[in-house]
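Chain by chain, the residues:
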Amino acid sequence: MRRFKSIILSYDFIITLFCVIITNFLLPDYLNMKFALSFYNVAMTVLSIIFSLFFTAMAIIMASSDNEFIEFLEKKNTFTELLWSFKVTLFILFVSLILSIVLYSGTSFWIESNSQTTWLQNSNLLLILEFNFLYGMIATWFCIIDTVKFSKYRAIFLKQMKEK
């Protein structure tokens, strides 16, 4: 429950929620499906790249840590919190990627299989993807900042090991 509360009260969640609320006021209730399709396409492309890079970065951090360094970080529960933030961010990136693929595929299928010139789609679908997309991007940024902190801790650890 504490971790769920920390997600809701985090800067990335609050910034994302604020942006989506503003977008909700600016968008009409229904959007042209071709516009939505282009947004879904951009989201799908960006998320597929970010997801793969983020997953690789997480694997490198996990593989580069030796037992003594992990014990050093765990004195203040830092390593567990770092891994938890990476797992949450990776999860939201994955959900966002799947959502963008589903929305892109469904919207594309609908446009191609129906001959009407203009189809409209409820803007809530775009807002749901926008929330997931923005949250994933901002959470990724904060994880990058955590990775820099991780590197600083590594330097402190190596300095202490050298002094011993």
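The structure this text deals with has already been given above.
Okay, so let's go over this structure. For clarity, every value in this text was computed on a predicted model and none was experimentally measured.

### Comments concerning the overall build of the protein
No. 1: Counting secondary structure elements, the protein contains 6 helices and 2 strands.
No. 2: Scanning the protein from its N terminus toward the C terminus, one meets helices and strands in the order α-α-β-α-α-α-β-α.
No. 3: For the protein, whose C-alpha radius of gyration is 20 Å, the value lies well above the compact-globule estimate of 15 Å for 164 residues.
No. 4: Dimensions along the principal axes, computed over C-alpha positions, put the protein at roughly 75 × 25 × 25 Å.
No. 5: Across the 164 residues of the protein, 35% fall into the buried class.
No. 6: Put simply, the protein shows about 10,500 Å² of open surface, and 69% of that area lies on carbon and sulfur atoms.
No. 7: A distance of 8 Å separates the average location of the 13 positive side-chain charges in the protein from that of its 11 negative side-chain charges.

### With respect to the packing of aromatic side chains
No. 1: Under the criterion given, the structure shown has 8 aromatic pairs.
No. 2: Ring geometry for Phe-54 versus Phe-86: centroids 4.9 Å apart, planes at 20 degrees, classification stacked. Pair noted here: Phe-54 is in helix α3 (residues 33-63) and Phe-86 is in helix α5 (residues 78-113), with a separation of 32 residues, a long-range link.
No. 3: Taken together, the aromatic side chains of Phe-13, Phe-131 and Tyr-135 make up a single cluster linked through ring pairs.

### Some remarks on the packing of helix α2 (residues 11-26) against helix α6 (residues 123-163)
No. 1: The N-to-C vectors of α2 and α6 enclose an angle of 150 degrees; their axes lie 9 Å apart at closest approach. For the element pair α2 / α6, the angle class is roughly antiparallel. Considering how the two elements wind past one another, α2 and α6 form a crossing that is right-handed. Residues Tyr-11, Asp-12, Phe-13, Ile-15, Thr-16, Leu-17, Cys-19, Val-20, Thr-23 and Asn-24 of α2 form the contact with α6, whose participating residues are Leu-127, Glu-130, Phe-131, Leu-134, Tyr-135, Ile-138, Ala-139 and Phe-142.

### As for the nonpolar core
Taken as a class, soluble globular proteins show a tendency for nonpolar side chains to be buried jointly.
No. 1: One finds Phe-86 and Phe-150 to be the most contacted residues of the largest nonpolar core, which totals 35 residues.
No. 2: Looking at this core, the element that brings in the most residues is α5, giving 10 residues.
No. 3: Residues in contact with Phe-86, not counting those within four places in the same chain, are Phe-54, Met-58, Ile-61, Cys-143 and Thr-147.

### Points about a nonpolar patch on the surface
No. 1: A grouping of Phe-94, Ile-98, Ile-101 and Val-102 is seen on the molecular surface, where their side chains present a nonpolar patch of about 330 Å² in accessible area.
No. 2: With respect to the helices and strands, Ile-101 occurs in helix α5.

### Remarks on the packing of α5 against α6
Each pair of packed helices can be described by the angle between their axes along with the distance between the axes.
No. 1: Running from N to C, α5 and α6 point in directions that differ by 150 degrees, and their axes come no closer than 9 Å. Overall, the two elements α5 and α6 adopt an arrangement that is roughly antiparallel. The crossing of α5 and α6 is left-handed.
No. 2: Considered class by class, the residues forming the contact of α5 with α6 number 19 nonpolar, 9 polar and 1 charged.

What counts and what doesn't
- Sequence positions are assigned chain by chain, starting from 1 and proceeding in written order.
- With the structure being a predicted model, the display of local features is reserved for residues of pLDDT at least 70 and the display and counting of side-chain atom pairs for 80 or more, all residues being used for whole-chain, interface and lining totals.
- Hydrogen atoms and water are omitted, and side-chain values are computed over all heavy atoms in the structure.
- What counts as a helix is a DSSP run of H or I of at least four residues, what counts as a strand is a run of E of at least two, and both are numbered from the N terminus.
- We compute the radius of gyration over the C-alpha atoms and compare it with the globule rule, which gives 2.2 Å times the number of residues raised to the power 0.38.
- Burial classes follow relative accessibility: with a 1.4 Å probe on protein chains only, a residue under 20% of its type's maximum area counts as buried, one over 50% as exposed, and anything between as partly exposed.
- To be clear on the numbers: accessible area is Shrake-Rupley with a 1.4 Å probe, and residue cover counts the displayed protein chains and nothing else.
- Think of it this way: Lys and Arg go in the positive column, Asp and Glu in the negative one, and His and the chain ends go nowhere.
- The location of each charge is read from NZ of Lys, CZ of Arg, CG of Asp or CD of Glu.
- Stacked, tilted and edge-to-face are the three classes applied to pairs of Phe, Tyr and Trp rings, where Trp contributes its six-membered ring and a pair requires centres within 6.5 Å; stacked means planes under 30 degrees apart, edge-to-face means over 60, and tilted covers the rest.
- Note on geometry: axes are lines fitted to C-alpha atoms, helical ones only across the stretch in contact, with angles between N-to-C directions running from 0 to 180 degrees.
- The cut-offs work like this: below 35 degrees is roughly parallel, past 145 is roughly antiparallel, 65 to 115 is roughly perpendicular, and the gaps in between are oblique.
- Handedness of a crossing is defined here by the sense of rotation of the near helix relative to the far one, left-handed for an anticlockwise turn of less than a right angle and right-handed for a clockwise turn.
- The criterion used for residue contact is that any of the two residues' heavy atoms lie within 4.5 Å.
- To define a nonpolar core, start from buried Ala, Val, Leu, Ile, Met, Phe, Trp, Tyr and Cys residues and group those joined through side-chain atoms within 4.5 Å.
- Here, patches come from residues exposed beyond 30% relative accessible area and free of salt bridges, joined within 9 Å for like charges and within 5 Å for nonpolar side chains (Val, Leu, Ile, Met, Phe, Trp, Tyr).
- What counts as a salt bridge is simple: a side-chain nitrogen of Lys or Arg found within 4 Å of a carboxyl oxygen of Asp or Glu.
- Classes in brief: Ala, Val, Leu, Ile, Met, Phe, Trp, Tyr, Cys and Pro nonpolar; Asp, Glu, Lys and Arg charged; the others, Gly included, polar.

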